Amino acid sequence: MEISERRKAHPEHWERAAALRMLAADAVLAAKSGHQGMPIGMADVATVLFEKHLKFDATAPDWPDRDRFVLSAGHGSMLLYGLLYLTGTPGMTIEELRNFRQLGSKTAGHPEFGHVPGIETTTGPLGQGLANAVGMAMAEEALRARFGRKLVDHRTWVIAGDGCLMEGISHEAISLAGKQRLANLIVLWDDNGITIDGPVGIADQTDQMARFRAAGWSVFSCDGHDPEAIDGALAAAKKSRRPSLVACKTTIGYGAPGKEGTAPVHGFALKDEDVAKLREVYGWPHPPFEIPAHIKAGWEEIGRRGAEARAAWQERLAAAGARRRAEFERVMAGTLPARLPRVLHRLKKAIVAERPAIATRQASQNALAALNPVVPETLGGSADLTGSNNTRTETLGEFEPGNRRGRHIHYGVREHGMAAAMNGMALHGGVIPYGGTFLVFSDYARAAIRLSALMGLRVIYVFTHDSIGLGEDGPTHQPVEHLAALRAMPNLNVIRPADAVETAEAWEVALNSADRPTVLALTRQGVPSLREKLTRRNLTARGAYVLAEAEGKRQAILIATGSEVAVAMQAREMLQAEGIGTRVVSMPSWELFARQDERWRRRVLPAGPVRVAVEAGVRQGWDRWLCRERGRARKSAFIGMEGFGASAPYKQLFEHFGITAEAVAEMVTGLV
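How each quantity is defined
- Residues numbered from 1 in each chain as written.
- Predicted model: local features only at pLDDT ≥ 70, side-chain atom pairs only at ≥ 80, totals over all residues.
- Heavy atoms only, no water.
- Pairing = 2+ DSSP bridges.
- Helix = DSSP H or I, 4+ residues; strand = E, 2+ residues; numbered from the N terminus.
- Axes fitted to C-alpha atoms, helices over the stretch in contact; angles between N-to-C directions.
- Buried < 20%, exposed > 50% of the residue type's maximum accessible area, 1.4 Å probe, protein only.
- Arc of directions from axis to C-beta.
- Contact = heavy atoms within 4.5 Å.
- Phe/Tyr/Trp six-rings, centres within 6.5 Å; stacked < 30°, edge-to-face > 60°.
- Lys NZ or Arg CZ within 6 Å of the ring centre and 35° of its normal.
- Polar contact = N/O pair within 3.5 Å; in protein donor to acceptor, adjacent residues only side chain to side chain.
- Lys, Arg positive; Asp, Glu negative; His and termini not counted.
- Salt bridge = Lys/Arg side-chain N within 4 Å of Asp/Glu carboxyl O.

## What about the sheet that holds strand β11 (residues 432-438)?
Strand pairing in a sheet is mediated by backbone hydrogen bonds. Such pairs are either parallel or antiparallel.
Okay, step 1: Here six strands make up an open sheet; going across it, the order is β10-β9-β11-β12-β14-β13 and the pairing parallel. In the strand order of this sheet, the two ends are held by β10 (408-410) and β13 (493-495), each with one partner. The sheet shows a mean angle of 20° between the axes of neighbouring strands, taken without regard to direction.
Okay, step 2: Pairing of strand β9 (residues 378-382) with β10, which is carried by three bridges, proceeds in the parallel orientation. Bridged to Gly 381 within β10 is Ile 409.

Right, dumping it as structure tokens:
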């Protein structure tokens, strides 16, 4: 059907969709940067979705029982910004649209969570939004099972493009969603057949409909420019008892003379004369960024469409029992239970009394066994390494279609999908996700971890087998550069505890870090219990502290993390026997220590003594603590890894690579 015919057939719909299209075209033109084709092509689908299917109230964009809308194809950000402005979402003004992609504006090049309500997640790296949506749908299922359908009953909608479906993470996400039978998840595929390089066919021949069907999804299709067909497909998808894909056949840059349906229009292809012609095609005589009052009023009415549903929900919440209502409000606010500190203190007291020599991964499981019953919003899991990561405790049960009250998820061998889904859970609210794999496989999840940090989400990564200490599995599984790589990421806590007490404290830090993700790097091998005195203070939260003070004149400071703190303690005994006063500093977290005030850092790392750091990883980054912070390069050294590991029992590996108390003592003696 020609555009002129579509305009006549559905004039009101056409005007509303044209408003979206022209805002996108004008904003990208003003910025001379961005992506015009996708927002123009998907405007019809978005208009039908918001007008007839999405449950939301623009005046209350954080309403807990709203439908979530995720723009996984984040390069088309002006589609989302236009929708938020037109529906009257607070904070999204016409001036923000004029300032698209400019410094300080809320309308960043790709949607960024936190810039304005209504942006449910940060997208742009393709496929991440799709995987986030899987996590959102899982969180919705878990909360509905806990609090009931009267309080939790909503859908998650996604707009995804060809690029999202090419990215490997999409396979992990859609197969997980299919297995979990997430019926309230609906993906709208912008099936325009174009990527930046040209037609999709130059790089991919996947039958996406068959692919989703094989993964256990319901599959629908429609003409993405026919509002009646779109409405019918979305209505059918809502009735499915499986996750649904709706393939929306669209034309990228729809209506742009000479450029629609081509690769260039994916980006900034429509210049002044092109946009002028587009106005003629659309019958849109209005100046840039000017929306006629009746069209804006129609969109704002759409934005208020969910007000009645929200009011009814608020009545149901008010009618709920006081304890149930308070608990729902607590978990949605992200507030931890008041008795958690007491529980963790009792755990630390027991550890100090019993002094267990166990792996920190086991200590982590022990901590979870104590905190999971107290923090019922935790939702754990593992990427097919449950028995190795020790993420499951007895009372959790498995989260699955037949048991949405289960709190442990079998993610399968899907590290990337797991991490991105956990981001979605944290974004949804009401749950605190944690998930496990080996530290070396954090590489598979890195893109999602980076987005955890960028968005400031409380996501907890349980990364076990943290060094050559894992032994016989060899260098393919032994992380050496991974701690340095994770520490290089802004806004990420990396904690490598030395014993069971530090592990319990690390969990307390992770749970209380509401504005950032946390990595727990945990050992496979057993480690001795080092903390002899019980304290109510969380010393791990300080990042570094004095574990053992020098006897006599302080001449050396040994700084270590994780399993190597025990090595430093052994070296201290040797050095003290030689009359060299040696302090041992346990430094479970560089990031936490760096955030301490100057007084604490000077107290832990004073000027004067020689410094030797010990860690079974690469040196990168250690010079900050060895050569700066009152340290001196010529009076410092590092003992750790300079290359990859090897396959052997772990004790032989530490000897082979020279990470021993004897080597530390010899290094200190030489420096002194």
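There is more to say after this.
## Re unusual backbone geometry
Okay, step 1: Its identity is not glycine, yet Phe 289 carries a phi of approximately 65°, on the positive side.
Okay, step 2: Given the relative accessible area of 10%, Phe 289 is considered buried.
Okay, step 3: Within the chain, His 465 stands out as a residue other than glycine whose phi angle is a positive 55°.
Okay, step 4: Along the chain, His 465 falls in the loop between β12 (460-464) and α21 (482-487).
Okay, step 5: On the accessibility criterion, His 465 (4% relative accessible area) is buried.

## Remarks on helix α28 (residues 661-671)
Okay, step 1: Buried within α28 we find Ala 661, Val 664, Ala 665, Val 668 and Leu 671. For α28, the buried positions fall inside an angular range of 125° around the axis, keeping them on one side. In α28, the exposed residues that point more than 90 degrees away from the buried face are Glu 666 and Gly 670.
Okay, step 2: Contacts made by the buried residues of α28 are with β17 (554-560), α23 (564-577), β19 (610-614) and β20 (636-639).

## Points about the packing of aromatic side chains
Okay, step 1: Tallying each qualifying case throughout the model produces 16 aromatic pairs.
Okay, step 2: Measuring from centroid to centroid gives 5.3 Å for Phe 50 and Phe 69, while their planes differ by 85°, and the two rings are edge-to-face. Of the two residues, Phe 50 sits in helix α4 (residues 43-53) while Phe 69 sits in strand β1 (residues 68-71), which places them 19 residues apart along the sequence. Of the two residues examined, Phe 50 and Phe 69, each falls in the buried class.
Okay, step 3: Judged by centre distance (6.1 Å) and plane angle (35°), the ring pair of Trp 622 and Phe 638 falls under tilted. Here the residue Trp 622 occupies a position in the loop between β19 and α26 (623-626), and Phe 638 occupies one in strand β20, the gap between them amounting to 16 residues.
Okay, step 4: Residue Trp 622 is classed as buried on the basis of its relative accessible area, which comes to 0%.
Okay, step 5: Site record: aromatic cluster; members linked through ring pairs are Trp 590, Phe 593, Trp 622, Trp 625 and Phe 638.
Okay, step 6: The cationic tip of Arg 21 hangs over the ring face of Tyr 282; the distance from NZ or CZ to the ring centre is 5.7 Å.

## A word on the side chain of Arg 516
Okay, step 1: Locating Arg 516 in the fold gives a position in the loop between α22 (500-512) and β14 (518-521).
Okay, step 2: You can call Arg 516 buried: its relative accessible area is 15%.
Okay, step 3: Polar contacts involving the side chain of Arg 516 include one to the side chain of Asn 491, which spans 3.3 Å.
Okay, step 4: A distance of 3.3 Å separates the side chain of Arg 516 from the side chain of Asp 515, its partner in a polar contact.
Okay, step 5: If sequence neighbours within four positions are ignored, Arg 516 has contacts with Gly 456, Leu 457, Arg 458, Val 459, Asn 491, Asn 493 and Arg 595.

## Examining the side chain of Arg 458
Okay, step 1: Relative to the helices and strands, Arg 458 resides in the loop between α20 (442-455) and β12.
Okay, step 2: The side chain of Arg 458 is buried and forms no salt bridge, while Glu 377, the nearest opposite charge, is found at 6.1 Å.
Okay, step 3: A polar side-chain atom of Arg 458 sits 2.7 Å from the main-chain carbonyl oxygen of Gly 334.
Okay, step 4: At 2.7 Å, the side chain of Arg 458 forms a polar contact with the backbone oxygen of Leu 511.
Okay, step 5: For Arg 458, the contacting residues outside a window of four places in its chain are Gly 334, Leu 336, Ala 426, Ile 432, Pro 433, Ala 510, Leu 511, Ser 513, Ala 514 and Arg 516.

## Some thoughts on the sheet that holds strand β3 (residues 185-191)
Okay, step 1: Judged by pairing direction, the sheet is parallel, and its five strands sit side by side in the order β1-β2-β3-β7-β6 without closing on themselves. Both outer strands of the open sheet, β1 and β6 (218-223), are each paired with one neighbouring strand and no more. Ignoring which end each strand starts from, the neighbouring axes of this sheet average 20° apart.
Okay, step 2: Bridging between β1 and strand β2 (residues 156-161) involves four bridges; their strand directions are parallel. Residue pairing across strands places Val 70 opposite Val 158, the latter belonging to β2.
Okay, step 3: Helix α7 (residues 128-147) contacts β1, β2 and β3 of the sheet and is inclined by roughly 165° relative to β2.

## Some details on the environment of Ala 577
Okay, step 1: On the secondary structure map, Ala 577 appears in helix α23.
Okay, step 2: Overall, Ala 577 belongs to the exposed group, its relative accessible area being 69%.
Okay, step 3: The sequence separation of Ala 577 and Arg 524 amounts to 53 residues, and the corresponding C-alpha distance is 31 Å.

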